[in-house]
Structure formats: C-alpha cells, structure tokens
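Okay, here's what each chain looks like letter by letter:
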Amino acid sequence: MSTFQLPIIDLSKSKTNRDELSKQIIEALENIGFLYIDNVKGIDFEKMFQCCKWFFNQPIEKKRKIMRNFWNPDSKNIYRGYFPVVEGEPSRKEGFEFGRDVSLENKSIDPENWFYERTPWPEEDGTFPFKEFMQAQYEVVHSAAMEILRLTANALGVEETAFIHLFKENPCSTFRMMHYPPWDGPPPPNARIEDGKILTTPDHSDSNFLTLLCLFNYEGLEVVGPDGNWIPVAPRENSFVMNIGDLFSRMMNGRFKATRHRVLDIGIDRYSVPFFLEPAYESDIGVNYMSQYIKGGPEHIPEKYGHYMVNMVKYVRKYFEYKVLPDFENVKEKYYGKGQKDI
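No experiment lies behind these values; they were computed from the predicted model shown.

Inspection of the secondary structure puts Glu303 in the loop between strand 12 (270-277) and helix 6 (305-316). At 2.7 Å, the side chain of Glu303 forms a polar contact with the side chain of Arg250. What Glu303 contacts, discounting residues up to four positions off in sequence, is Arg250, Ser283, Asp284, Ile285, Gly286, Tyr308 and Tyr335.

So this is what it looks like as structure tokens:
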C-alpha cells in the first residue's frame, strides 16, 4: 500500500517565501486536508519524547493523583489532567492533557467554565523539568499555529489577523500527550476492521480548529485519500503533521477539508503529542465567517465558540468522557429548546 504524499511546508521560509508558502498551505487545506510542517523554531522533539516516556512510566498511584474525576471520584478536575486506558473500547490509549492556565485574578471567566480549569501536574523530584518544559513547548507550538494562520489569511487575500484574533485572549487549546500500549490479550470485536487490521483510534475527523501532531517517527496513522481509500501517512523526522478540524471547515463553508483519519495498532508501545488549537470561549466562530472580510458573500451568523463546542462534544458526538461535564450555560436548551430530555 502506498503512503500518503503530504505537502511539506518549511516554516523557516515564512519571511522570505511568504506568498509561496501561503499558496501551498491553502492548496493543501482545500484538496488534502493534511500536510507536514517543518522547521518550527524552538521545538524539541527529542525532549518531548523523553517527557512522554517519563510521564507514562510513572506508577499508576502517581498518575491517579491527577486523574480526571470521571475515573477518580476523589479528583476535583473534570477536564484537564490524566485519563487511563478504557478496557473494551476500540480507542486504546492513555493520555495527559493540559492548557494555558488563566490568571486567578481574571474575574471575566466564569469559575464553572471547565474550559479554563487549571491543570493538575504530576509530582516532580527536581531531576526532570516536565512541567516547565511542556509549558514552554505549548507556547512554541501556539506561536507556530498563529504563523500558519497568518499565512492562510494572506493566501485568502484578507488581513493577516483575520483568524489569529480568535486566539489572542485566553485560547482553549489543549496539548495532549498520548501513549498507545499494545493490546493486553485479544482486542475487543469493535477494534477489528477490514483485512484483519486492529484499531487503537477509530475513524474520525477532529472537532477542533486545527491540529499539529508530533508522531515521533511512529507509523499507524492513516487518512482517507482523494479516492476515498485509507492510506498510511509516513512519519517525517522532526516534523509536525497538520490537519484542520470540523470547526475551521464549517467556518469556511467546507472550502477547507477536515479529513477523516484513524490510528492502527502497530504491535508496540506508540507515543504521540497532538496540539489542538481552539479559540477563546467567547470568540465568534459562526458560519460564513469570511463574509466579514470579503463583500458579497452570504451573511455571517455569529456564534460563540464555547457554545458550539459544548454542543458538539456533549450532544452531537456524545463523547463518553464529556457526558458528565456540566452544561453551565444551558447550551442544550439553546440548541434544542426547553423541555428536551435527551438528544
């Protein structure tokens, strides 16, 4: 089976070859939906891999201390922190998720808004700077994402801040470290697919705005190609794999592709680190977004990012770990009307 030949974007040339890179990005987003991002300044893939090994090698007793409430009733955290492998599910992975903590002095954020929950961090003994390093890498990847969005706006012929202002104040972005352990015994029937292949992450498109994924040279990722068939994505050393999510595609009226993808079991421990770029909770991500910048298009319909995403994860996709998260702004009522008991 052939591998997917993704376009390669050399971000180190964003100043010298700006128009060329802008054109390459928009062509990839319109036609393939996946691309490689090379030469992100300040990224340290090797140390990030060491962080993955350090964290996931911690005993379960230590990981349990920062486990989300869904799996540990003694925990106060419901959104950020550690989640374990769930037996019997086709999605076989454990992970640690963190975001950029907002200031405790910021009174504009609802204390019940779990998007801005502060991250619980694992205990450290001073020999390995896990928290400090990963927080710094978050900012590196966020900055790279902002430059990609400037280049995208440049290709669309609008001001370069057309997208980045959505992330300027308190973005909801998530950095997730993941470990895919080999199956312990026979995998469940729902993990088996065609040709005897076994899943560790089922077929899906991302729900967020944009994803930058570090593969650490592991195989296993497959995407739906232009002909509708599944094609492996070859890992590329010292490079991110980038794709956009349903949110960005929706804002662009489908002009950009949120391509379906999945992860196959490769028979060994596998690690990856995706950065899920997400706007601030209050940001306007409504449909016909570009009508604000280009005259003559359909009317832009404003919509708050937070409402859209709560509805998506709780009521549309019904992710099991999000069902228990509180609907603190009555999003269900907003979308489906009063008196609706179940969706």
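That was the structure; now back to the text.
Right, let's get into helix 4 (residues 130-156). The end-to-end C-alpha distance of helix 4 is 39 Å, a good match for the 39 Å that 27 residues give at a rise of 1.5 Å each. Two residues or fewer after helix 4 comes Gly157, characterised by a positive phi angle close to 75 degrees.

Below, the discussion takes up the pattern of salt bridges. Tallied over the full model, the rule gives 21 salt bridges. Linking Lys197 and Glu222 is a salt bridge whose minimum nitrogen-to-oxygen distance equals 3.6 Å. Of this pair, Lys197 sits in the loop between strand 5 (174-180) and strand 6 (199-204) while Glu222 sits in strand 8 (residues 221-224); the two residues are 25 residues apart in sequence, bridging distant segments of the chain. Take Lys197 and Glu222: they sit in the same class, and that class is buried. Several salt bridges share partner residues, and in doing so they unite Lys15, Arg18, Glu147, Arg150 and Glu160 into one network.

Each value, and the rule that gives it
Residues numbered from 1 in each chain as written. Predicted model: local features only at pLDDT ≥ 70, side-chain atom pairs only at ≥ 80, totals over all residues. Heavy atoms only, no water. Helix = DSSP H or I, 4+ residues; strand = E, 2+ residues; numbered from the N terminus. Polar contact = N/O pair within 3.5 Å; in protein donor to acceptor, adjacent residues only side chain to side chain. Contact = heavy atoms within 4.5 Å. Expected span 1.5 Å × (residues − 1). Salt bridge = Lys/Arg side-chain N within 4 Å of Asp/Glu carboxyl O. Buried < 20%, exposed > 50% of the residue type's maximum accessible area, 1.4 Å probe, protein only.

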